[in-house]
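Here are the chains, one letter per residue:
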Amino acid sequence: MEKILNYINGELVAPTNGNYLDNYNPSNGEVYSLIPDSEKQDIDNAVVAAKEAFKGWSKTPKQKRSDILMKLADTIEKYSDELIKAESKDNGKPETLAAHVDIPRAPANIRFFAGAILHDSSEMHEMDGMAINYTLRQPIGVAACISPWNLPLYLLTWKIAPALAAGNTVVAKPSEVTPMTAYILSKICIEAGLPKGVLNIVHGLGSKTGDPLTTHPDTPIVSFTGGTVTGKHIATVTAPMFKKLSLELGGKNPNIIFSDADFDKSVSMAARAAFTNQGQICLCGSRLFVQEEIYDKFRDALVTKTSKLKLGDPKDTTSNLGAVVSKDHMEKILAKIELARTLGGNILIGGEREILEGELKDGYYVQPTIIEGLSSDCDINQEEIFGPVVSLIPFKTEEEVVEMANSTKYGLSASIFTENISKAHRVAANIDSGIVWINTWLLRDLRIPFGGMKHSGVGREGGFKSLQFFTEPKNVCVKI
Ligand code: NDP
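Residues numbered from 1 in each chain as written. Predicted model: local features only at pLDDT ≥ 70, side-chain atom pairs only at ≥ 80, totals over all residues. Heavy atoms only, no water.

This part takes up the pairing of strand β20 (residues 413-417). Look at any regular strand and the pattern is simple: side chains alternate between the two faces of the sheet. Burial of β20 is extensive: 5 of the 5 residues sit out of reach of the surface. The two faces of β20 match: Ser 413, Ser 415 and Phe 417 on one face and Ala 414 and Ile 416 on the other face are all buried. Where strand β13 (residues 254-257) meets β20, 3 bridges bridge the pair, whose relative direction is parallel. If you follow Asn 255 over to β20, its bridge partner there is Ser 415. For β20 and strand β21 (residues 435-438), the ladder comprises 4 bridges, and the chain directions are parallel. Its bridge partner lying in β21, Ser 413 is registered against Ile 435. Handedness of the crossover joining β20 and β21 through helix α14 (residues 421-430): right-handed. (Buried < 20%, exposed > 50% of the residue type's maximum accessible area, 1.4 Å probe, protein only. Helix = DSSP H or I, 4+ residues; strand = E, 2+ residues; numbered from the N terminus. Pairing = 2+ DSSP bridges. Right-handed = clockwise from strand over helix to strand, strands pointing away.)

As structure tokens, then:
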């Protein structure tokens, strides 16, 4: 069975303790490879390598860093087919989704920041002829980059690209649940000639590798994407060390459909927002508020649309949904659906594990599920489920829906569907979230400030915000 290896100081190495964990294929429930069960020693080795590499990489001219990263992006693209299949096998997502979203985004992320670093500028403050202040933006050191399992290579590269472009070196810890594309990336880095130690990837459990990485005295900068509970833990352990911290966390995003919305477009978008990637995207619209006048018609159209979605083999190009990421996660989602029933929710469609035939019978498939009849303040409408589950809630007025939309502890994203431009802008301004889409969902421009408020995160990444996060501003005052 294939053994995944850590990538430290430019080499593929086994975990120092020699221990491995099982890696499952969610589409059939089988163990198909082994993941290093790394620990503090491996993290220490990676940080030593990254710290040494920082001496050269931070002084490498921007154009050269950019060229190296562009070559890395080209090499990733060369292995697109392998990466698409690997991402789907490791995560359970349809290959078509990996082909259209996950894998193309990896080189796009790297090219974007390799270009951005050449076009960045810093500030100057002139003091009435007396003095000039200018701001140097300097790389900081070894960045700890921790990423989740839902968009494995996409989110890993979203962190390492700006960190490296800005002149930092990186120790990355991908989710132990989906390590494969990060491992392939390690091999690609070697082929592309990334200088040794610039990027290091250590696989293993959050507690055994994540903690030593975030609390390491030589990782002054931590970029984390994952769940709110883990984010809180990382904030707690890093705060006394005064680390620079970026947290991209969970969401319970409202999708608001006003009665004057373009009906067909909003039904399609609502289905996409609920079920893409089996509902395992932090930006998924899992609370669907529909104005009373169109509620019945909208609900029926959404159920019809959902009934046409094909849940099946991730390799089948006609599958709209594949498996959820793990048995544990499937059980969590099914327990939430059971809780919805107990609370009096009406399951309009779905609500069960789907057992596929033949070789895929032990895979982790959950039917796309629509629930109605639950109050906005119940657990199902307040806590993240992170699965193919959407809850429908009717509303009467704009004021009422804004209040319900803002009632959770989260504040990541929101979508508003209306043809009334004034109402759209007014509601966008009144929603507590870092991102608002009007008449669309998940339309991403890599330049925008990306992130959430309240328990959805701290700080923003994206575009120059990422380069600012991964650099330290230093003001220099020159007396004239
Ligand atoms: P987790 O918080 O469980 O894990 C995220 C990463 O943190 C994993 O690599 C995990 O490792 C690691 N980790 C776990 N414990 C620690 C620790 N003590 N110290 C350091 N690292 C640790 O999230 P999931 O992987 O379950 O991802 C799903 C969550 O991510 C959802 O809540 C989703 O909303 C959120 N998310 C947010 C996004 C955003 O941009 N705001 C984007 C995508 C997802 P391991 O897997 O080995 O436990």
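As summarised here, the arrangement of the 7 strands in space is β15-β18-β19-β14-β13-β20-β21, forming an open sheet in which the pairing is mixed. In the strand order of this sheet, the two ends are held by β15 (346-349) and β21, each with one partner. Direction aside, the axes of adjacent strands within the sheet are offset by 25° on average. (Axes fitted to C-alpha atoms, helices over the stretch in contact; angles between N-to-C directions.)

Right, let's talk about the environment of Asp 445 for a bit. Relative to the helices and strands, Asp 445 is located in the loop between β21 and β22 (457-458). Taking the C-alpha atoms as reference points, Asp 445 and Thr 471, separated by 26 residues in sequence, lie 22 Å from one another. In this structure the side chain of Asp 445 is engaged in a polar contact, spanning 2.6 Å, whose partner is the side chain of Arg 447. (Polar contact = N/O pair within 3.5 Å; in protein donor to acceptor, adjacent residues only side chain to side chain.)

Looking now at the site of the ligand. Of all residues adjacent to the ligand, which total 30 residues, the nearest are Gly 227, Thr 230, Leu 249, Cys 282 and Glu 384. Between the ligand and Glu 176 there is a distance of 3.3 Å, counted from an oxygen atom to a side-chain nitrogen or oxygen. Between the ligand and Asp 211, the relevant distance is 3.3 Å, taken from a nitrogen atom to a side-chain nitrogen or oxygen of the residue. Relative to its unbound accessible area of 890 Å², the ligand is 88% covered by the protein chains. (Near = heavy atom within 4 Å. Areas by Shrake-Rupley, 256 points an atom, 1.4 Å probe, with all protein chains shown as cover.)

This model, assessed by the stated rule, comprises 24 salt bridges. Residue Arg 111 pairs with Asp 74 through a salt bridge whose shortest N-O separation is 2.9 Å. Taken together, the residues Arg 111 in helix α4 (residues 95-119) and Asp 74 in helix α2 (residues 62-78) connect sequence positions 37 residues apart. You can call Arg 111 partly exposed: its relative accessible area is 27%. The exposure class of Asp 74 is partly exposed, given its relative accessible area of 44%. Among the salt bridges present, the one from Arg 299 reaches Asp 296, with a minimum N-O distance of 3.7 Å. Of this pair, Arg 299 and Asp 296 both sit in helix α10 (residues 295-307), 3 residues apart, which is roughly one turn of that helix. Here Arg 299 falls in the buried class, since its relative accessible area comes to 18%. (Salt bridge = Lys/Arg side-chain N within 4 Å of Asp/Glu carboxyl O.)

Now for the sheet that holds strand β4 (residues 20-25). On the basis of which strands lie adjacent, the open sheet formed by 3 strands has the order β1-β5-β4 and mixed pairing. At either end of the open sheet lies a strand with only one pairing partner, and these are β1 (2-3) and β4. As defined by bridge partners, β1 adjoins strand β5 (residues 30-36) across 2 bridges and the pair is classed as parallel. Bridge assignment links Glu 2 to a residue of β5, and that residue is Ser 33. Against the sheet, helix α3 (residues 80-91) engages β4 and β5, with an angle of about 100° to β4. (Contact = heavy atoms within 4.5 Å.)

Here the focus is α4. The end-to-end C-alpha separation of α4 is 35 Å, in line with the 36 Å expected for 25 residues at 1.5 Å each. Of all the bends in α4, the largest measures some 40° and sits at Arg 105, one to four residues before the proline Pro 107. (Expected span 1.5 Å × (residues − 1). Bend = angle between axes of the 7 residues up to and from the residue.)

Moving on: unusual backbone geometry. Backbone geometry at Asp 128 places phi at a positive 45°, although glycine is not the residue there. Looking at where Asp 128 falls in the secondary structure, it is placed in the loop between β6 (124-127) and β7 (131-139). Even without being glycine, Gln 278 reaches a positive phi, approximately 60°. Relative to the assigned elements, Gln 278 resides in the loop between α9 (263-275) and β14 (287-291). On the accessibility criterion, Gln 278 (0% relative accessible area) is buried.

The next point concerns the domain arrangement of the protein chain. The accessible area lost on association of the parts is a frequent measure of interface size. Domain parsing of the protein chain yields domain 1 (2-249 + 456-479) and domain 2 (254-445). Computed from C-alpha coordinates alone, the two centres of domain 1 and domain 2 are separated by 30 Å. Here domain 1 and domain 2 share an interface that buries about 2,100 Å² over both sides, 56% of which is from carbon and sulfur atoms. Of all residues in domain 1, the largest losses of buried area upon contact with domain 2 belong to Ser 27, Trp 149 and Ser 456, amounting jointly to 24% of the total for that side. Inspection of the region where domain 1 meets domain 2 yields 0 salt bridges. Between the two partners, domain 1 and domain 2, sit 9 residue pairs in polar contact (both at pLDDT 80 or more). It is α4 that provides the largest number of residues to the side of domain 1 that touches domain 2, a total of 4 residues. (Domains from an automatic or database assignment. Buried area = accessible area lost by both parts, 1.4 Å probe.)

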